Amino acid sequence: MLIRDYSLLGHNTFGMDVKAAAYFEYTSKEALRTFLLSSDFEPYRECFLVIGAGSNLLFRKDYDGLVLHSAIRDLDIIEETDDGVLVRVGSGVCWDDFVAWSVERNLHGAENLSGIPGEVGASAVQNIGAYGAEVCQLIERVEALGLDGEERLFSNEECNYGYRDSIFKRELKGKYIITAVTYRLCKQGNLNLSYGNLRERVEGTTVNDVREAVCSLRASKLPDPHTLGNAGSFFKNPVIPRWQYEHLRDVWPSIPCYKVDDENVKVPAGWLIEQCGWKGCALGRAAVHEHQALVLVNLGGATGGEVVSLARHIVEDVHNKFGIEISPEVNVI
Ligand SMILES: Cc1cc2nc3c(=O)[nH]c(=O)nc-3n(C[C@H](O)[C@H](O)[C@H](O)COP(=O)(O)OP(=O)(O)OC[C@H]3O[C@@H](n4cnc5c(N)ncnc54)[C@H](O)[C@@H]3O)c2cc1C
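Basis of the calculations
- Residues numbered from 1 in each chain as written.
- Predicted model: local features only at pLDDT ≥ 70, side-chain atom pairs only at ≥ 80, totals over all residues.
- Heavy atoms only, no water.
- Helix = DSSP H or I, 4+ residues; strand = E, 2+ residues; numbered from the N terminus.
- Rg over C-alpha atoms; globule rule 2.2 N^0.38 Å.
- Buried < 20%, exposed > 50% of the residue type's maximum accessible area, 1.4 Å probe, protein only.
- Contact = heavy atoms within 4.5 Å.
- Areas by Shrake-Rupley, 256 points an atom, 1.4 Å probe, with all protein chains shown as cover.
- Lys, Arg positive; Asp, Glu negative; His and termini not counted.
- Charge placed at Lys NZ, Arg CZ, Asp CG, Glu CD.
- Salt bridge = Lys/Arg side-chain N within 4 Å of Asp/Glu carboxyl O.
- Pairing = 2+ DSSP bridges.
- Axes fitted to C-alpha atoms, helices over the stretch in contact; angles between N-to-C directions.
- Nonpolar A, V, L, I, M, F, W, Y, C, P; charged D, E, K, R; others polar.
- Domains from an automatic or database assignment.
- Buried area = accessible area lost by both parts, 1.4 Å probe.
- Core = buried A, V, L, I, M, F, W, Y, C linked by side-chain atoms within 4.5 Å.

1. What to know about the overall build of the protein
Broken down by element type, the protein carries eight helices and 20 strands. Over its C-alpha atoms the protein spans a radius of gyration of 21 Å, differing by no more than 12% from the 20 Å that the globule rule assigns to 333 residues. C-alpha extents for the protein along the principal axes are approximately 60 × 50 × 35 Å. When the 333 residues of the protein are sorted by exposure, 50% land in the buried category. Within the protein, contacts between residues at least 6 apart in sequence are counted, and of these 61% link residues at least 24 apart. Of the roughly 15,900 Å² of accessible surface on the protein, 47% is carried by carbon and sulfur atoms. Averaging the locations of the 33 positively and 47 negatively charged side chains of the protein gives two centres separated by 3 Å.

Structural data, given as C-alpha cells:
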C-alpha cells in the first residue's frame, strides 16, 4: 500500500526528522513488479529513491518523491557442496543478521564484515568493506528489477566492483532495484586477520572469534547511531598522485598514505580533517566525532542543512591547507 506523507525518522541513522511525499514497502519481487507496472508508480517514475536502512544517507529536507523499501526477507541455501554453500538472501534482510546466521553455521567469508549497519540490497550497491574484506569477494550474483518490471541477473563481474563502488552507483544508478543477492560462503578457510591490530584481538580460531573481535573493535571506535546519529564515514579517502603526496610529505612528514597503484596513493581523510582542527568540534547541532574525525554526528535535533554546512567548512579547510578535494561518501539527498 502506498502511504502518503510518511515519516523517515526511523529510516535513517543520522536521525533526520523528515518526511517522504509517498512510501511503498514490498515483501516480494512480484509485489514490487506489480507496483512498478501500476498507475500508483507513474507520477514518481522520475522522482523516487530506494532505501535500505538509511545508514549511508543524509536527508537535507523532506523528500518530495516516492521512497521504496524492501521487506523481502527470505534466506535460503540454494546449493551445497563439500566446500561451501550458495545462499540467496532477500534485499530487506539486515546485513548483520545474515553475518550472524553464517557465523552460527561456522561458514567462512562474512565474519570480517560483522557489525556493518544496513541491509543486504545496499551491500551489493555499496560494496561494503571492513577489516581487510569486501563483500564483492562473496557475491555470486545480484537479482534486480528494472523500472519496467523486467528481471535482470548480474554476475559478479557485471557489477564492476571497486572500492565502495559498483555499477549500481554509476551507470545504472536509479535504473534497477535489487531484490536478492546470492553469496558464496566456504565450509573451511583461513581466517583473514591481516588488517591492523585484528590478529591481536582475536582470541580463538573460529569465525565466531573473529566476529566477536570485529564487533568489539567497531564498538570502541564508532559511535552507535542509536545514541548519536551518524552515517559512518562521511567522506571518502581521497586518491592523489604520488608526486603530490611527496610534496605534501616535505611539509607534513607524518602524513599517512596507502598505495593504490604505481602512480597514486590514498590519504586518510580523517587525518586531514584532524590536522585542520575539526576533530570533536561542533557547528550548531552537527559535530565531528571526538574519537573519529571521519564521522560527522547529529548532536540532537540537527537538520540535514546543518550537517551539510559543517561538511562544506571541512571540505574548504582541507582544500585550503592541503590542496586536496575531499568528497562525501554519504549520499546527500
Ligand atoms: C556507524 C556506521 C558504521 C559504518 N561502517 C561501515 C563500514 O565499516 N564499511 C562500509 O562499507 N560501510 C559502513 N557504513 C555505511 C553503511 O553501513 C553502508 O553503506 C551500508 O551498505 C548502507 O546500507 P543501507 O541498507 O543503510 O543503505 P542506504 O543507506 O539506505 O542506501 C545506500 C545506497 O544504496 C541504495 N540502495 C539501497 N537499497 C537498494 C536496493 N535494494 N536496490 C538498489 N539500490 C539500493 C540507495 O539508493 C543508496 O544509494 C557504516 C555506517 C554507519 C552508520
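And the narrative resumes.
2. Some remarks on the side chain of Glu329
Note that Glu329 resides in the loop between helix H8 (304-322) and strand E20 (331-332). One buried charged residue, Glu329, remains without a salt bridge, the closest side chain of opposite sign being Lys169 at 4.2 Å. Here Glu329 is in contact with Asn56, Arg164, Lys169, Ser233, Phe234, Phe235 and Lys236, once residues within four sequence places are set aside.

3. Quick word on the sheet that holds strand E7 (residues 84-90)
Spatial strand order, E6-E7-E12-E10-E11: five strands in an open sheet with antiparallel pairing. The strands lining the two open edges of the sheet, one partner per strand, are strand E6 (75-80) and strand E11 (151-155). The sheet shows a mean angle of 20° between the axes of neighbouring strands, taken without regard to direction. Pairing analysis gives five bridges linking strand E10 (residues 139-146) to E11, with the strands arranged antiparallel. Residue pairing in the sheet places Arg141 in a bridge with Ser155 of E11. Contacts from helix H1 (residues 29-36) reach E7, E10, E11 and strand E12 (176-186) within the one sheet, and its direction differs from that of E10 by about 30°. Contacts from helix H2 (residues 95-104) reach E6, E7 and E12, with the element oriented near 20° to E12.

4. A word on the sheet that holds strand E14 (residues 239-241)
Spatially, the three strands line up as an open sheet ordered E14-E16-E15, and their pairing is antiparallel. Strands with a single pairing partner mark the edges of an open sheet, and in this sheet they are E14 and strand E15 (258-259). Pairing between E15 and strand E16 (residues 264-266): two bridges, direction antiparallel. Directly across from Tyr258, in E16, lies its bridge partner Lys266.

5. A short note on the packing of H2 against helix H5 (residues 207-221)
Direction vectors running N to C along H2 and H5 enclose 145°, while the axes themselves pass 9 Å from each other. From H2, Asp96, Val99, Ala100 and Val103 reach across to H5, where they touch Val207, Asn208 and Arg211. Residues of the contact of H2 with H5, tallied by class, amount to four nonpolar, one polar and two charged.

6. Observations concerning the domain arrangement of the protein
Under the domain assignment used here, the protein contains domain 1 (3-70), domain 2 (75-221) and domain 3 (229-332). Here the C-alpha centroids of domain 1 and domain 2 sit 24 Å apart. Counting residues at the interface gives 17 residues for domain 1, matched by 17 residues for domain 2. When domain 1 packs against domain 2, the two sides together hide about 1,300 Å² of surface, and 60% of this comes from carbon and sulfur. Counting across the domain 1 and domain 2 interface gives two salt bridges.

7. Some thoughts on the pattern of salt bridges
Using the criterion set out here, one finds 12 salt bridges in the structure. A salt bridge links Lys187 to Glu80; the shortest N-O distance between them is 2.7 Å. Here the residue Lys187 occupies a position in the loop between E12 and helix H4 (198-201), and Glu80 occupies one in strand E6, the gap between them amounting to 107 residues. The exposure class assigned to Lys187 is partly exposed, which follows from its relative accessible area of 28%. With its nearest N and O atoms 2.9 Å apart, the salt bridge here joins Arg211 to Asp96. With Arg211 in helix H5 and Asp96 in helix H2, this pair connects stretches of sequence that are 115 residues apart. For the pair Arg211 and Asp96, a shared accessibility class is recorded, and that class is buried.

8. Quick word on the nonpolar core
Among soluble globular proteins, nonpolar side chains are generally buried collectively. In terms of nonpolar packing, the biggest core is built from 45 residues, with Phe234, Phe235, Leu272, Ile273, Leu296, Ile314 and Ile326 touching the most fellow members. Those elements giving two or more residues to this core turn out to be strand E2 (19-26), strand E3 (48-51), strand E4 (57-58), strand E5 (63-70), helix H6 (242-251), helix H7 (269-275), strand E18 (286-288) and H8. At eight residues, the largest contribution of residues to this core is made by H8. Counting contributing residues per domain, this core is built from domain 1 (3-70) and domain 3 (229-332), each supplying no fewer than three. Other than its neighbours up to four places away in sequence, Ile273 contacts Phe235, Trp278, Lys279, Val288, Ala293, Leu294, Ile314, Val318 and Ile326. Membership of the second largest hydrophobic core comes to 43 residues, among which are Val142, Ile178, Tyr183 and Val210.

9. Details of the environment of Asn190
With respect to the helices, strands and loops of the structure, Asn190 is situated in the loop between E12 and H4. Separated by 13 residues in the primary sequence, Asn190 and Ile177 have C-alpha atoms spaced 34 Å apart.

10. Side note on the side chain of Gln126
Relative to the helices and strands, Gln126 is located in helix H3 (residues 120-126). Setting aside residues no more than four positions away along its own chain, Gln126 makes contact with Asn56, Arg164, Asp165, Lys169 and Asn331.

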